[in-house]
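# A look at the structure
Chain by chain, the residues:
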Amino acid sequence: MVAVIRAHGLTKAYGDLVAVDGVDFGVEPGESFGVLGPNGAGKSTTMRMLGATLQRTSGDLAILGRDPAHEGPIIRAHLGVVPQQDNLDTELTVAENLYTYGRYFGLPRAHLRERVDGLLAFAQLEEKRDVKVDALSGGMKRRLTIARGLVNEPSLLLLDEPTTGLDPQARHILWDRLFRLKEDGVTLVITTHYMDEAEQLCDRLVVMDGGRIVAEGSPQGLIRAHSTREVVEVRFGSDRNLEVAAHLGGIGRRLEILPDRILVYSDSGEHDLQEIVARGFMPVTSLVRRSSLEDVFLRLTGRSLVDE
Amino acid sequence: MITGALATTAAVAIAERRARRPLSSVYAGRSHAILLRGLLALRTSNALAFMTGFVEPVLFLVAFGYGVGGLVGTVEIGGVEVPYAAYIAPALLAASAMNGAIIDTTFNVFFKMHYLGLYRTMMSTSLGPLDVALGEIGWAMIRGAAYAIGFLVVVTAFGLTTTWWALLLVPAAVLVAFAFASLGMTLTSYMTSFQQLNWLNFFLLPMFLFSGTFYPITTYPQWLQWVIEATPLWQAIALMRGLTFGVLDGGLAGHVAYFAVLATVGLYLTARRLDALFLR
Amino acid sequence: MTTAAATASPRARRPAALFVAEYRLRNMWKWRSAILAFGIGNPVLYLASVGLGVGALVDANMPGGVDGVPYLVFLAPALLATAAIQGGQDEVTFPTLAGMIWNRLFFAMRATSLTGGQIADGVLLASAARVLFTTVAYWLVLWVFGTVSWSTALPLVLVSTGAGVCWAALMMAVAANVTDDGGFLSLVGRVVIMPMFLFSGTFYPLSSLPLAVQWIGWISPLWHATELGRWLSYGMPMEPWRILASVGYLASMGIVGVLVARRRFERRLAS
């Protein structure tokens, strides 16, 4: 079976600035594949190359066995694209957005009329059919954008930060819709910087930083490889953290001292917390939790603020 | 119900069929899908703005043709004295074709390009840059031609057309609108802010006021006449006046060729710019 | 409450509307080249095209002149009033739409010690400054063309400026009611400004139009300003009652505009 995506040494440079720097990865049919990374890591650039709307500078890229440099239109006919910003057509109604998008692919009118109804049901927007898209909530717009990306029955759906800016209810509804697509066998490629989203949706993911892939694996595998089973968070007050940390040697696998708290990466959080108390340091607050993808992410891409 | 993995769907089959034709990477043969979008947007959002475009040239015709015309009397053209209203009518027709096409391909196209993200959306489907260029220019051309035809009806109702040659004003208006639309869209593709677009008015208004719209350019010194004759609006006005008053000579063919070249070059440049902006 | 807050701050001794006007003028300074180009450039282009070009045709056809003066002299006060009215309108409609809808800056201003009415006053005040500037600059252009004289400069400039400000006040009241800007400005341009420009006796005596369209001139502030301008500039005959009527019409437009605009600003910014 042909792979959905094969990238080898994929590079995009704008003059001296290398946005994507020789990345290798592959995506198999039916897989749900995540691309994580801070702002400026090269996620969106990668997505646009996968979408055959941005030419690579060098390296090899095959989408469904085809080269986007030469077979752009055929590849794009296979794809559904959900860009970071909902670039819906605000001069049109909800149904007209779906209908015209289908016409861009050349799909016949009769076929589309039926398909638009199905997609409105999928996006739970039947009542909003003849409403201009300006009047929709953020979550509705996002669902409409996803529905629009499905007009041509894509075998690969590219989602660039699908739930950024949505409230928790809207996110959960959206995740549910994406799960259904996954069950139907659609291959998903998702960029996100929400770790819970990646853990929920992705079978496998890569972490990008500075245009390169810095880690690859399943969410659980990445946690195992780059973090511990549990994390203890203890606070001693902003001025004392550093001082206390000096006395915590030997506890846990690794300590991380932040301005407001100390993180103890640990195989058994309860045990290590007791050890801290036993050494005579009573934290103001303490929390034992399971390690998350967020710990991996921050470990790999650093904690300093990345500006847009 | 939503999809089947890696199936050859209808959209893919259409794209594969097209891929066997030449130019398939830039043209999918579906600019009509973009016209359809324009039509739906007109119905849903832009009807009022569209309708008011018919009014402006009529206002100018009444105010200048009859108001100022009362002061001017007649103007000589091709050895015949014609009323002032009849003199400016074909020029206003040319200007309305220009304005309809230019407004659509400058402000509207800029809005669609940078605020709606419409062309990026279109080009993430199997459409090519030439589809988008042809569709949008075609839409502006329809708009410009609609204004011109509406104005022609008014002019005829006022009794200002005298020969059947005036029917040729319709295809002439279409050609003029096509050329201005191509030019407008090419320019807009290089703009980065609305403010830059405003400066376009600094070319449009002088063209409107000084290209022989309201008085013969023979009042100018010779060198300035040459400059004006090179501008597209003067070319359009000369074409329209020639047809209106039945002054048919080799010059008309020259004007037609001028617009054919302008339209083709503009279309080519627009398609290239769209490709560079959204597919590179 | 407002005054208490204002006196508490050491810098807030000026009337509050001046702070808003200052912000507006700073903002205009950024657009100075566009203001010069369009505010002065457009009427200059019309002056050159219609005044000189069409004027040559008119003067050849009417040896006695229009109204007894050359066409260019006849046209000059009308274009002066046009420039004033257009300038005044631009400086209230754009900021009002921006402040209420686009960037909602007026709501931020209202969150300080400023009231809605003060914001309205400030915007109008800045617009008045712009109108005065435009009118003086354009008067100088007209002078270079030899169509106006120094002896009538002051009243002519004041009348045009006044007309521009009164119209601006009214348009600010209108713009304050706009909730969806979908093409409001271009609609006003096409449905209000353009007909006003063309049918207010700007380019020809209003009396030469059929009665069916003359009424546009009668309700148009541009026509009243133009008539006053022609009376002042070259002594066009005008009965005293008509002078009073025109001045009264423009002034009441301004007063109604200011009152309504203040009220609308108060209500809308408090919501």
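Residues numbered from 1 in each chain as written. Chains lettered and ligands numbered in written order. Predicted model: local features only at pLDDT ≥ 70, side-chain atom pairs only at ≥ 80, totals over all residues.

Attention shifts here to the overall build of chain A. When you go through chain A residue by residue, the secondary structure sums to eleven helices and 13 strands. Seen through its C-alpha atoms, chain A measures out along the principal axes to roughly 75 × 45 × 35 Å. The buried share of chain A, taken over its 308 residues, is 48%. For chain A, the share of sequence-separated contacts (at least 6 apart) that also reach a separation of at least 24 residues comes to 69%. (Helix = DSSP H or I, 4+ residues; strand = E, 2+ residues; numbered from the N terminus. Buried ≥ 20, exposed ≤ 12 C-beta atoms within 10 Å, placed from the backbone. Contact = placed C-beta atoms within 7 Å.)

Scanning chain C from terminus to terminus reveals eleven helices and zero strands. Reading the secondary structure of chain C in the N-to-C direction produces α-α-α-α-α-α-α-α-α-α-α. Relative to its length of 271 residues, chain C is compact, with a C-alpha radius of gyration of 20 Å against a globular reference of 18 Å. In chain C, buried positions account for 48% of the 271 residues. Across chain C, the fraction of contacts at a sequence separation of at least 24, relative to all contacts at a separation of at least 6, is 80%. (Rg over C-alpha atoms; globule rule 2.2 N^0.38 Å.)

Attention now moves to the interface of chain B and chain A. Each side of the interface is counted separately: chain B has 43 residues, and chain A has 42 residues. Broken down by secondary-structure element, the contributors of at least two residues to the side of chain B that touches chain A are helix H1 (10–19), helix H2 (31–52) and helix H5 (118–123) of chain B.

Let's shift gears to the domain arrangement of chain A. Residues and elements named next belong to chain A. Each assigned domain of chain A is listed here: domain 1 (5–217) and domain 2 (227–301). Domain 1 and domain 2 are separated by 38 Å when their C-alpha centres are compared. With ten residues of domain 1 at the interface, the matching set in domain 2 holds six residues. Among the secondary structure elements, those contributing two or more residues to the side of domain 1 that touches domain 2 are helix H7 (195–201), strand E8 (204–209) and strand E9 (212–217). Each residue belonging to the side of domain 1 that touches domain 2 can be placed in one class, and the counts come to seven nonpolar, one polar and two charged. (Domains from an automatic or database assignment. Nonpolar A, V, L, I, M, F, W, Y, C, P; charged D, E, K, R; others polar.)

Residues and elements named next belong to chain A. Bridge count for strand E3 (residues 32–36) against E8 is four bridges, and the pairing is parallel. Note that in E8 the partner of Leu36 across the bridge is Val207. Where E8 meets E9, five bridges bridge the pair, whose relative direction is antiparallel. Counterpart to Asp209 in the pairing with E9 is Arg212. Here E8 hands over to E9 after two residues, with Gly210 in that stretch at a positive phi of 55°. (Pairing = 2+ DSSP bridges.)

We now examine the interface of chain C and chain B. The interface is formed by 28 residues belonging to chain C together with 25 residues belonging to chain B. Those elements that provide at least two residues to the side of chain C that touches chain B are helix H3 (32–61) and helix H8 (184–198) of chain C. Broken down by element, the side of chain C that touches chain B gets its largest block of residues, 13 residues, from H3(C). For the side of chain C that touches chain B, the class distribution of residues is 20 nonpolar, seven polar and one charged.

Residues and elements named next belong to chain B. Relative orientation of the contacting elements helix H3 (residues 55–72) and helix H4 (residues 84–114) amounts to 155°, with a least axis distance of 9 Å. With respect to H4, the element H3 is oriented roughly antiparallel. Two packed elements cross with a definite hand, and for H3 against H4 that hand is right-handed. Two secondary-structure elements touch here, H3 through Pro57, Phe60, Leu61, Phe64, Gly65, Tyr66, Val68, Gly69 and Val72 and H4 through Tyr84, Ala85, Ile88, Ala89, Leu92, Ala95 and Ser96. When the residues that make up the contact of H3 with H4 are grouped by side-chain class, the tally is 13 nonpolar, three polar and no charged. (Axes fitted to C-alpha atoms, helices over the stretch in contact; angles between N-to-C directions. Parallel < 35°, antiparallel > 145°, perpendicular 65-115°, else oblique. Left-handed = near helix turned anticlockwise from the far one by under 90°.)

Moving on: the nonpolar core. If you look at the biggest cluster of nonpolar residues, it comprises 244 residues, and the most contacted ones within it are B:Leu93, B:Ala94, B:Ala97, B:Val176, B:Ala177 and C:Met172. No other element matches the 19 residues that H4(B) contributes to this core. Both of domain 1 (5–217) and domain 2 (227–301) of chain A provide at least three residues apiece to this core. Ignoring anything within four residues of it in the chain, the contact list for B:Leu93 reads B:Ala148, B:Phe151, B:Leu152, B:Val155, B:Leu169, B:Ala173 and B:Met240. Counting nine residues, the second-largest nonpolar core is a separate cluster that includes A:Val232, A:Ile262, A:Val264 and A:Tyr265. (Core = buried A, V, L, I, M, F, W, Y, C linked by C-beta atoms within 7 Å.)

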